[in-house]
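Tertiary structure, described
Read off the chains here:
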Amino acid sequence: MIAERKRSTGLALRLLIIVPVAAAFTHLATVLVRQSDVSASAFTRLSPQLPLNTFKILPIITPVSTPLPFLNPAFHYAICRFDSRDGPIALSARLVEAGWNLTIYDPYGTSLHASNGIPERPLELAVTIGPSEDRFFGLQLDQATSSGDAERPRIRVTANSGIAVLRAPDRGGAYTEEVRDQLKQSTCAPEIQRR
Amino acid sequence: MTSIELPTPSVRPQYALTAARAAWSVIHRTLLIATAAAVAVLGGLWSSRQAIDTGWPFATTTIDGWRQWQNAGLVSADPYTRAHYLSIGSLPVSSEIGGEFEARTDDSGARLHSSCNYTLAGTAARGVWWSVAVFDDSGRLIPNAASRHAFTSDTTAAKADGSYTVTLGRDARPGNWLPTGGAGRLVVVFTVLDAGARLAADARGTRAAALPVIQRDGCS
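Rules behind the numbers
Residues numbered from 1 in each chain as written. Chains lettered and ligands numbered in written order. Predicted model: local features only at pLDDT ≥ 70, side-chain atom pairs only at ≥ 80, totals over all residues. Heavy atoms only, no water. Helix = DSSP H or I, 4+ residues; strand = E, 2+ residues; numbered from the N terminus. Rg over C-alpha atoms; globule rule 2.2 N^0.38 Å. Buried < 20%, exposed > 50% of the residue type's maximum accessible area, 1.4 Å probe, protein only. Pairing = 2+ DSSP bridges. pLDDT = per-residue confidence, 0-100. Polar contact = N/O pair within 3.5 Å; in protein donor to acceptor, adjacent residues only side chain to side chain. Contact = heavy atoms within 4.5 Å.

Glancing now at the overall build of chain B. Looking only at helices and strands, one finds two helices and 10 strands in chain B. If you list the helices and strands of chain B from N to C, you get α-β-β-α-β-β-β-β-β-β-β-β. In terms of overall size, chain B is more extended than a compact globule, its C-alpha atoms giving a radius of gyration of 30 Å where 220 residues would be expected to give roughly 17 Å. Considering only C-alpha atoms, chain B reaches an extent of 125 × 45 × 25 Å along its principal axes. Counting across all 220 residues of chain B, residues that qualify as buried make up 43%.

Here it is, written out as C-alpha coordinates:
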(Lines give C-alpha, C1' and ligand atoms only; values in the text may rest on other atoms or scores of the structure.)
Protein backbone atom coordinates (compact mmCIF):
# COMPACT_ATOMS: atom_id res chain seq x y z
CA MET A 1 0.00 0.00 0.00
CA ILE A 2 2.76 2.41 0.99
CA ALA A 3 4.80 1.37 -2.02
CA GLU A 4 1.81 2.01 -4.26
CA ARG A 5 1.34 5.51 -2.81
CA LYS A 6 5.02 6.23 -3.32
CA ARG A 7 4.72 5.14 -6.95
CA SER A 8 1.69 7.40 -7.49
CA THR A 9 3.41 10.38 -5.88
CA GLY A 10 6.49 9.76 -8.00
CA LEU A 11 4.37 9.67 -11.15
CA ALA A 12 2.55 12.87 -10.18
CA LEU A 13 5.85 14.65 -9.56
CA ARG A 14 7.23 13.47 -12.89
CA LEU A 15 4.07 14.69 -14.62
CA LEU A 16 4.41 18.09 -12.94
CA ILE A 17 7.66 18.47 -14.86
CA ILE A 18 6.60 16.74 -18.07
CA VAL A 19 3.29 18.64 -18.55
CA PRO A 20 4.80 22.16 -18.83
CA VAL A 21 7.53 20.84 -21.12
CA ALA A 22 4.98 19.08 -23.35
CA ALA A 23 2.76 22.20 -23.33
CA ALA A 24 5.73 24.34 -24.35
CA PHE A 25 6.57 21.89 -27.13
CA THR A 26 2.96 21.92 -28.37
CA HIS A 27 2.95 25.73 -28.19
CA LEU A 28 6.15 26.07 -30.22
CA ALA A 29 5.13 23.44 -32.77
CA THR A 30 1.76 25.17 -33.31
CA VAL A 31 3.37 28.59 -33.76
CA LEU A 32 5.95 27.20 -36.20
CA VAL A 33 3.25 25.48 -38.25
CA ARG A 34 1.04 28.57 -38.31
CA GLN A 35 3.86 30.92 -39.31
CA SER A 36 4.17 29.02 -42.59
CA ASP A 37 0.48 28.27 -43.15
CA VAL A 38 -0.56 30.51 -46.04
CA SER A 39 -4.06 29.04 -46.46
CA ALA A 40 -5.72 32.19 -45.06
CA SER A 41 -3.02 34.69 -45.99
CA ALA A 42 -3.60 37.94 -47.83
CA PHE A 43 -1.62 36.60 -50.81
CA THR A 44 -3.85 33.49 -51.04
CA ARG A 45 -7.04 35.56 -50.72
CA LEU A 46 -5.98 38.13 -53.32
CA SER A 47 -4.31 35.86 -55.88
CA PRO A 48 -7.46 34.60 -57.65
CA GLN A 49 -8.58 38.18 -58.30
CA LEU A 50 -5.26 39.45 -59.64
CA PRO A 51 -3.84 39.04 -63.13
CA LEU A 52 -0.19 38.03 -63.31
CA ASN A 53 2.53 40.64 -63.70
CA THR A 54 0.29 43.65 -64.13
CA PHE A 55 -1.15 46.22 -61.77
CA LYS A 56 -4.83 45.95 -61.00
CA ILE A 57 -6.55 48.89 -59.36
CA LEU A 58 -8.92 47.66 -56.68
CA PRO A 59 -12.40 49.15 -56.45
CA ILE A 60 -12.86 51.80 -53.77
CA ILE A 61 -12.78 49.99 -50.45
CA THR A 62 -16.30 49.64 -49.03
CA PRO A 63 -17.95 47.11 -46.69
CA VAL A 64 -19.02 45.18 -49.81
CA SER A 65 -15.86 45.44 -51.91
CA THR A 66 -13.12 44.96 -49.33
CA PRO A 67 -11.09 41.85 -50.23
CA LEU A 68 -9.21 41.55 -46.92
CA PRO A 69 -10.01 42.02 -43.24
CA PHE A 70 -8.68 45.24 -41.68
CA LEU A 71 -7.83 46.64 -45.12
CA ASN A 72 -7.41 50.37 -44.55
CA PRO A 73 -10.20 52.22 -46.40
CA ALA A 74 -8.14 55.41 -46.26
CA PHE A 75 -6.21 54.24 -49.33
CA HIS A 76 -6.85 53.48 -52.98
CA TYR A 77 -4.93 50.35 -53.97
CA ALA A 78 -3.12 49.12 -57.06
CA ILE A 79 -1.78 45.58 -56.66
CA CYS A 80 0.48 43.56 -58.92
CA ARG A 81 0.83 39.81 -58.39
CA PHE A 82 4.24 38.98 -59.78
CA ASP A 83 6.07 35.82 -60.67
CA SER A 84 9.68 36.29 -61.67
CA ARG A 85 10.62 32.64 -62.29
CA ASP A 86 10.47 33.16 -66.07
CA GLY A 87 12.48 36.37 -65.89
CA PRO A 88 12.79 39.62 -63.98
CA ILE A 89 9.79 41.88 -63.45
CA ALA A 90 10.15 45.64 -63.88
CA LEU A 91 7.94 47.80 -61.77
CA SER A 92 7.60 51.57 -61.79
CA ALA A 93 5.60 53.73 -59.45
CA ARG A 94 5.28 57.41 -58.67
CA LEU A 95 4.77 58.25 -55.02
CA VAL A 96 3.12 61.61 -55.48
CA GLU A 97 3.26 62.90 -51.92
CA ALA A 98 3.18 61.90 -48.26
CA GLY A 99 0.72 59.07 -47.66
CA TRP A 100 1.67 57.23 -50.85
CA ASN A 101 3.40 53.94 -50.24
CA LEU A 102 4.82 51.07 -52.25
CA THR A 103 5.40 47.76 -50.48
CA ILE A 104 6.53 44.49 -52.05
CA TYR A 105 5.39 41.45 -50.08
CA ASP A 106 6.37 37.81 -50.39
CA PRO A 107 3.57 35.18 -50.14
CA TYR A 108 4.10 35.07 -46.36
CA GLY A 109 3.33 38.77 -45.93
CA THR A 110 6.93 39.76 -45.31
CA SER A 111 7.78 43.15 -46.73
CA LEU A 112 10.80 42.79 -49.06
CA HIS A 113 10.82 46.47 -49.86
CA ALA A 114 8.79 49.47 -48.67
CA SER A 115 8.96 53.15 -49.63
CA ASN A 116 6.89 56.12 -48.53
CA GLY A 117 6.07 59.25 -50.46
CA ILE A 118 7.74 62.47 -49.36
CA PRO A 119 5.84 65.66 -48.49
CA GLU A 120 5.56 68.16 -51.36
CA ARG A 121 7.79 66.21 -53.78
CA PRO A 122 6.98 63.22 -56.00
CA LEU A 123 9.27 60.23 -55.78
CA GLU A 124 9.75 58.06 -58.89
CA LEU A 125 10.59 54.46 -58.09
CA ALA A 126 12.00 51.88 -60.49
CA VAL A 127 12.08 48.38 -59.05
CA THR A 128 13.39 45.19 -60.64
CA ILE A 129 12.21 41.95 -59.07
CA GLY A 130 14.41 38.97 -59.94
CA PRO A 131 14.18 35.24 -59.35
CA SER A 132 16.05 33.80 -56.43
CA GLU A 133 17.15 30.34 -57.58
CA ASP A 134 19.79 31.48 -60.07
CA ARG A 135 20.89 34.36 -57.85
CA PHE A 136 20.00 36.76 -60.65
CA PHE A 137 21.34 39.74 -58.77
CA GLY A 138 23.86 37.93 -56.69
CA LEU A 139 21.69 38.57 -53.64
CA GLN A 140 20.29 36.27 -51.02
CA LEU A 141 16.57 35.61 -51.00
CA ASP A 142 14.51 38.33 -49.35
CA GLN A 143 17.12 41.00 -49.77
CA ALA A 144 16.75 44.30 -51.48
CA THR A 145 19.26 46.92 -52.55
CA SER A 146 18.83 50.37 -53.95
CA SER A 147 20.95 52.54 -56.21
CA GLY A 148 20.39 55.49 -58.52
CA ASP A 149 19.81 58.99 -57.22
CA ALA A 150 17.45 60.27 -54.56
CA GLU A 151 14.99 61.52 -57.18
CA ARG A 152 14.70 58.18 -58.97
CA PRO A 153 16.06 55.36 -56.86
CA ARG A 154 16.57 52.03 -58.63
CA ILE A 155 15.66 49.16 -56.37
CA ARG A 156 16.41 45.49 -56.85
CA VAL A 157 14.42 42.88 -54.99
CA THR A 158 14.95 39.13 -55.04
CA ALA A 159 11.75 37.11 -54.87
CA ASN A 160 10.13 34.39 -56.97
CA SER A 161 6.58 35.50 -56.32
CA GLY A 162 4.53 37.87 -54.24
CA ILE A 163 2.51 41.04 -54.55
CA ALA A 164 3.46 44.68 -54.97
CA VAL A 165 0.97 46.98 -53.27
CA LEU A 166 0.79 50.65 -54.22
CA ARG A 167 -1.25 52.66 -51.72
CA ALA A 168 -2.55 56.12 -52.52
CA PRO A 169 -4.27 58.13 -49.80
CA ASP A 170 -7.95 58.89 -50.22
CA ARG A 171 -8.19 62.69 -50.10
CA GLY A 172 -11.95 62.82 -50.49
CA GLY A 173 -14.46 62.45 -53.28
CA ALA A 174 -13.28 65.48 -55.26
CA TYR A 175 -9.82 63.94 -55.72
CA THR A 176 -10.83 60.31 -56.32
CA GLU A 177 -10.53 60.36 -60.12
CA GLU A 178 -7.23 62.24 -60.02
CA VAL A 179 -5.72 59.81 -57.51
CA ARG A 180 -6.92 56.76 -59.44
CA ASP A 181 -5.52 58.22 -62.69
CA GLN A 182 -2.18 58.60 -60.95
CA LEU A 183 -2.36 54.98 -59.82
CA LYS A 184 -2.97 53.90 -63.43
CA GLN A 185 0.44 55.31 -64.41
CA SER A 186 2.25 52.67 -62.36
CA THR A 187 3.51 49.68 -64.34
CA CYS A 188 4.39 46.08 -63.57
CA ALA A 189 5.53 43.80 -66.42
CA PRO A 190 8.20 41.28 -67.39
CA GLU A 191 11.40 43.17 -68.18
CA ILE A 192 11.84 41.49 -71.59
CA GLN A 193 8.38 42.59 -72.65
CA ARG A 194 9.20 46.21 -71.79
CA ARG A 195 12.37 46.32 -73.89
CA MET B 1 -16.97 -35.09 21.78
CA THR B 2 -16.20 -31.56 20.86
CA SER B 3 -15.44 -30.40 17.43
CA ILE B 4 -12.64 -27.97 16.65
CA GLU B 5 -13.47 -25.26 14.11
CA LEU B 6 -10.49 -24.49 12.02
CA PRO B 7 -10.32 -21.04 10.48
CA THR B 8 -11.21 -21.16 6.84
CA PRO B 9 -8.43 -19.99 4.62
CA SER B 10 -9.06 -16.41 3.26
CA VAL B 11 -6.94 -16.74 0.23
CA ARG B 12 -9.61 -15.81 -2.29
CA PRO B 13 -10.63 -12.42 -0.81
CA GLN B 14 -6.97 -11.41 -0.49
CA TYR B 15 -6.37 -12.20 -4.13
CA ALA B 16 -9.48 -10.29 -5.08
CA LEU B 17 -8.36 -7.27 -3.03
CA THR B 18 -4.90 -7.31 -4.55
CA ALA B 19 -6.34 -7.61 -8.04
CA ALA B 20 -8.75 -4.75 -7.38
CA ARG B 21 -5.91 -2.59 -6.05
CA ALA B 22 -3.79 -3.39 -9.07
CA ALA B 23 -6.65 -2.57 -11.43
CA TRP B 24 -7.36 0.71 -9.62
CA SER B 25 -3.68 1.54 -9.78
CA VAL B 26 -3.63 1.02 -13.54
CA ILE B 27 -6.83 3.05 -14.00
CA HIS B 28 -5.52 5.78 -11.69
CA ARG B 29 -2.23 6.01 -13.57
CA THR B 30 -3.93 5.95 -16.95
CA LEU B 31 -6.32 8.73 -15.92
CA LEU B 32 -3.45 10.77 -14.49
CA ILE B 33 -1.39 10.42 -17.66
CA ALA B 34 -4.38 11.09 -19.93
CA THR B 35 -5.30 14.19 -17.93
CA ALA B 36 -1.71 15.38 -17.99
CA ALA B 37 -1.50 14.83 -21.76
CA ALA B 38 -4.78 16.70 -22.29
CA VAL B 39 -3.62 19.60 -20.10
CA ALA B 40 -0.32 19.76 -21.97
CA VAL B 41 -1.86 19.71 -25.45
CA LEU B 42 -4.76 22.04 -24.66
CA GLY B 43 -2.49 24.37 -22.69
CA GLY B 44 -0.02 24.51 -25.57
CA LEU B 45 -2.73 25.11 -28.15
CA TRP B 46 -4.49 27.75 -26.04
CA SER B 47 -1.30 29.66 -25.22
CA SER B 48 -0.15 29.63 -28.86
CA ARG B 49 -3.54 30.92 -29.99
CA GLN B 50 -3.44 33.68 -27.37
CA ALA B 51 0.09 34.64 -28.36
CA ILE B 52 -0.77 34.73 -32.08
CA ASP B 53 -4.12 36.49 -31.73
CA THR B 54 -3.33 39.10 -29.10
CA GLY B 55 0.44 39.10 -28.88
CA TRP B 56 2.91 38.74 -26.08
CA PRO B 57 5.06 41.55 -24.70
CA PHE B 58 8.15 40.68 -26.75
CA ALA B 59 6.16 40.81 -30.02
CA THR B 60 3.80 43.69 -29.27
CA THR B 61 3.88 47.02 -27.51
CA THR B 62 0.81 48.51 -25.86
CA ILE B 63 0.57 52.24 -25.24
CA ASP B 64 -2.58 53.63 -23.57
CA GLY B 65 -4.70 50.82 -24.99
CA TRP B 66 -3.13 50.98 -28.50
CA ARG B 67 -1.40 47.74 -29.44
CA GLN B 68 1.24 47.47 -32.13
CA TRP B 69 3.00 44.42 -33.57
CA GLN B 70 6.42 46.00 -33.50
CA ASN B 71 8.00 43.72 -36.11
CA ALA B 72 5.09 43.74 -38.56
CA GLY B 73 6.18 42.95 -42.09
CA LEU B 74 9.88 42.80 -41.26
CA VAL B 75 12.12 40.10 -42.73
CA SER B 76 13.39 39.63 -39.17
CA ALA B 77 9.88 39.33 -37.71
CA ASP B 78 9.37 36.77 -34.94
CA PRO B 79 7.20 33.68 -35.63
CA TYR B 80 4.30 35.07 -33.58
CA THR B 81 4.09 38.22 -35.72
CA ARG B 82 4.30 36.22 -38.95
CA ALA B 83 1.63 33.78 -37.76
CA HIS B 84 -0.61 36.66 -36.62
CA TYR B 85 -0.75 38.37 -40.01
CA LEU B 86 -0.96 35.08 -41.93
CA SER B 87 -3.89 33.88 -39.84
CA ILE B 88 -5.95 37.08 -40.02
CA GLY B 89 -5.08 37.49 -43.71
CA SER B 90 -4.24 41.17 -43.67
CA LEU B 91 -1.35 43.11 -45.20
CA PRO B 92 0.61 44.95 -42.53
CA VAL B 93 2.28 48.28 -43.13
CA SER B 94 5.95 47.46 -42.70
CA SER B 95 7.36 48.64 -39.38
CA GLU B 96 10.33 49.94 -41.37
CA ILE B 97 8.30 52.80 -42.80
CA GLY B 98 5.31 53.23 -40.50
CA GLY B 99 3.23 51.92 -37.67
CA GLU B 100 -0.19 50.36 -37.31
CA PHE B 101 -1.80 50.64 -33.89
CA GLU B 102 -4.98 48.87 -32.93
CA ALA B 103 -7.33 49.81 -30.07
CA ARG B 104 -10.08 47.60 -28.71
CA THR B 105 -10.56 49.53 -25.46
CA ASP B 106 -11.01 53.18 -24.48
CA ASP B 107 -8.68 55.08 -22.18
CA SER B 108 -10.42 53.60 -19.12
CA GLY B 109 -9.86 50.04 -20.37
CA ALA B 110 -13.52 49.39 -21.28
CA ARG B 111 -14.21 47.45 -24.48
CA LEU B 112 -15.11 49.67 -27.45
CA HIS B 113 -18.73 49.06 -28.45
CA SER B 114 -21.10 50.56 -30.99
CA SER B 115 -23.67 51.27 -28.28
CA CYS B 116 -21.34 54.01 -26.97
CA ASN B 117 -20.03 57.30 -28.37
CA TYR B 118 -16.32 58.07 -28.33
CA THR B 119 -14.02 61.01 -28.98
CA LEU B 120 -10.52 60.46 -30.32
CA ALA B 121 -8.35 63.48 -29.58
CA GLY B 122 -4.79 63.87 -30.80
CA THR B 123 -2.12 66.09 -32.26
CA ALA B 124 -0.03 64.97 -35.20
CA ALA B 125 3.37 66.32 -36.16
CA ARG B 126 3.48 68.40 -39.33
CA GLY B 127 4.29 66.41 -42.46
CA VAL B 128 3.39 63.07 -40.88
CA TRP B 129 0.60 61.25 -42.72
CA TRP B 130 -1.84 59.31 -40.57
CA SER B 131 -5.24 57.68 -40.80
CA VAL B 132 -7.81 56.42 -38.35
CA ALA B 133 -10.29 53.73 -39.43
CA VAL B 134 -12.97 51.82 -37.57
CA PHE B 135 -13.88 48.15 -38.07
CA ASP B 136 -16.07 45.61 -36.37
CA ASP B 137 -14.49 42.87 -34.29
CA SER B 138 -13.81 40.71 -37.36
CA GLY B 139 -12.08 43.43 -39.35
CA ARG B 140 -15.08 44.28 -41.53
CA LEU B 141 -15.97 47.84 -42.39
CA ILE B 142 -19.20 49.12 -40.87
CA PRO B 143 -21.89 49.83 -43.47
CA ASN B 144 -23.35 53.33 -43.18
CA ALA B 145 -25.33 55.74 -45.34
CA ALA B 146 -22.57 58.34 -45.27
CA SER B 147 -19.99 55.82 -46.64
CA ARG B 148 -17.54 57.00 -44.01
CA HIS B 149 -15.02 54.50 -42.74
CA ALA B 150 -11.82 56.49 -42.11
CA PHE B 151 -10.27 59.91 -41.69
CA THR B 152 -6.73 60.89 -42.60
CA SER B 153 -4.43 63.82 -41.95
CA ASP B 154 -5.66 65.11 -45.36
CA THR B 155 -9.38 64.76 -44.73
CA THR B 156 -9.69 65.63 -41.04
CA ALA B 157 -10.75 69.13 -40.14
CA ALA B 158 -7.99 70.03 -37.67
CA LYS B 159 -7.65 73.05 -35.37
CA ALA B 160 -5.08 75.78 -35.97
CA ASP B 161 -2.66 74.23 -33.46
CA GLY B 162 -2.70 70.90 -35.35
CA SER B 163 -4.88 69.13 -32.81
CA TYR B 164 -7.89 67.22 -34.05
CA THR B 165 -10.85 65.22 -32.79
CA VAL B 166 -12.64 62.34 -34.49
CA THR B 167 -15.92 61.11 -33.03
CA LEU B 168 -17.30 57.58 -33.19
CA GLY B 169 -20.98 57.00 -32.66
CA ARG B 170 -24.27 55.74 -33.94
CA ASP B 171 -25.90 59.15 -34.47
CA ALA B 172 -24.59 61.87 -36.78
CA ARG B 173 -22.40 64.50 -35.16
CA PRO B 174 -20.83 67.67 -36.54
CA GLY B 175 -17.15 67.50 -37.50
CA ASN B 176 -15.11 64.35 -38.08
CA TRP B 177 -17.73 61.70 -37.36
CA LEU B 178 -17.32 58.00 -38.10
CA PRO B 179 -20.61 56.05 -37.92
CA THR B 180 -20.48 52.84 -35.89
CA GLY B 181 -24.15 51.87 -35.49
CA GLY B 182 -24.96 48.17 -35.25
CA ALA B 183 -21.37 46.93 -35.37
CA GLY B 184 -21.14 45.51 -31.84
CA ARG B 185 -17.55 45.41 -30.63
CA LEU B 186 -15.29 47.91 -32.38
CA VAL B 187 -11.65 47.97 -33.41
CA VAL B 188 -10.01 51.30 -34.19
CA VAL B 189 -6.85 51.21 -36.31
CA PHE B 190 -4.48 54.18 -36.37
CA THR B 191 -1.86 54.11 -39.14
CA VAL B 192 1.08 56.48 -39.34
CA LEU B 193 3.57 56.65 -42.21
CA ASP B 194 7.03 58.14 -41.68
CA ALA B 195 7.80 61.24 -43.69
CA GLY B 196 10.68 60.51 -46.04
CA ALA B 197 13.74 59.14 -44.26
CA ARG B 198 13.45 55.77 -42.55
CA LEU B 199 13.53 55.78 -38.78
CA ALA B 200 16.15 53.79 -36.92
CA ALA B 201 14.71 50.90 -34.91
CA ASP B 202 15.15 52.75 -31.62
CA ALA B 203 13.44 55.87 -33.00
CA ARG B 204 10.29 54.07 -34.13
CA GLY B 205 8.72 54.62 -30.72
CA THR B 206 8.27 58.30 -31.65
CA ARG B 207 5.40 57.25 -33.93
CA ALA B 208 3.31 56.68 -30.81
CA ALA B 209 3.40 60.43 -30.14
CA ALA B 210 0.72 60.85 -32.80
CA LEU B 211 -1.68 58.40 -31.14
CA PRO B 212 -5.02 59.92 -30.12
CA VAL B 213 -6.66 59.34 -26.75
CA ILE B 214 -9.99 57.49 -26.92
CA GLN B 215 -12.54 58.80 -24.44
CA ARG B 216 -16.03 57.45 -23.95
CA ASP B 217 -18.74 60.11 -24.14
CA GLY B 218 -21.60 57.94 -23.01
CA CYS B 219 -23.60 54.86 -23.91
CA SER B 220 -27.21 54.25 -24.82
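There's more to say after this.
This part is about the pairing of strand S9 (residues 186-193) of chain B. Across a regular strand the side chains alternate sides, sitting on one face of the sheet and then on the other. All names here are of chain B. Extensive coverage of S9 is indicated by the burial of eight of its eight residues. Two elements, strand S3 (residues 98-103) and S9, share six bridges in a ladder whose sense is antiparallel. Bridged to Gly99 within S9 is Val192.

Mean pLDDT over chain B works out to 88, with 90% of the residues at or above the 70 mark. Interface confidence for the predicted complex, given as ipTM, is 0.86, next to a pTM of 0.86.

Below, the discussion takes up the side chain of Asn116 of chain A. By the element assignment, Asn116 of chain A lies in strand S5 (residues 111-116). Assessed through its relative accessible area of 6%, Asn116 of chain A is described here as buried. In terms of polar contacts, Asn116 of chain A uses its side chain to reach the side chain of Asn101 of chain A, at 2.9 Å. The residues contacting Asn116 of chain A, other than those within four sequence positions of it, are Leu95, Trp100, Asn101 and Leu123 of chain A together with Ile97, Leu193 and Asp194 of chain B.

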